[in-house]
Amino acid sequence: MEKVEIGEVFTISDENDEDQEVEVVGIIEIESGEYVAVSFVEDLQEENADEQDIDIFFLKIDEEGDFSAIESDEEFEKVSGAFDEMMREEE
């Protein structure tokens, strides 16, 4: 898989095996690996949506460049905290 870039759109299957389009809104590298922050394209396209209304979730990029779910609450907290800090620095 090629390097993921912000703004890239791809399809994932949700827990009901329904395809959902998501867009990469951030890329985070921390000591435990590389992660992407994604949001549903539909949510991002809503005119009245602001940053507070958009659900963001994280996927881990494995060695082959494939996405996988974050397995533990501890890992999620680490990635979420790094993303929040990155967003504050950009403001």
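Located above this text is the structure these notes cover.
Owing to the predicted nature of the structure, the values given are computational and were not obtained by experimental measurement. (Residues numbered from 1 in each chain as written. Predicted model: local features only at pLDDT ≥ 70, side-chain atom pairs only at ≥ 80, totals over all residues. Heavy atoms only, no water.)

Caption draft 1: Layout of the pattern of salt bridges. Counting across every chain of the model gives three salt bridges. Lys78 is the partner of Glu31 in a salt bridge, and the nearest nitrogen-oxygen pair spans 3.5 Å. Separated by 47 residues along the polypeptide, Glu31 in the loop between strand 2 (19-30) and strand 3 (33-40) and Lys78 in helix 2 (residues 73-90) bring together distant segments of the chain. The class for Lys78 is partly exposed, based on a relative accessible area of 38%. (Salt bridge = Lys/Arg side-chain N within 4 Å of Asp/Glu carboxyl O. Helix = DSSP H or I, 4+ residues; strand = E, 2+ residues; numbered from the N terminus. Buried < 20%, exposed > 50% of the residue type's maximum accessible area, 1.4 Å probe, protein only.)

Caption draft 2: Layout of the sheet that holds strand 1 (residues 9-13). Strand order in this open sheet of five strands is 1-2-3-4-5, and the pairing throughout is antiparallel. Pairing within the sheet leaves two strands with one partner each, and these edge strands are strand 1 and strand 5 (67-69). On average, each strand axis in the sheet is tilted by 50 degrees relative to the strand beside it, whichever way the strands run. Across five bridges, strand 3 lies against strand 4 (residues 57-61) in antiparallel orientation. Paired with Glu34 across the bridge in strand 4 is Ile61. Its contacts with the sheet place helix 2 against strand 2, strand 3 and strand 4, and it is angled at close to 80 degrees to strand 2. (Pairing = 2+ DSSP bridges. Axes fitted to C-alpha atoms, helices over the stretch in contact; angles between N-to-C directions. Contact = heavy atoms within 4.5 Å.)

Caption draft 3: Layout of the side chain of Glu75. Mapping Glu75 onto the fold places it in helix 2. Residue Glu75 is classed as buried on the basis of its relative accessible area, which comes to 15%. For Glu75, the contacting residues outside a window of four places in its chain are Tyr35, Lys60 and Ile70.

Caption draft 4: The environment of Glu21, seen in detail. Within the fold, Glu21 resides in strand 2. Since its relative accessible area comes to 46%, Glu21 is described here as partly exposed. When the C-alpha positions of Glu21 and Val38 are compared, they lie 9.7 Å apart, and in sequence the two are 17 residues distant. Apart from residues lying up to four places away in sequence, Glu21 is in contact with Val9, Phe10, Thr11, Ser39, Phe40 and Val41.

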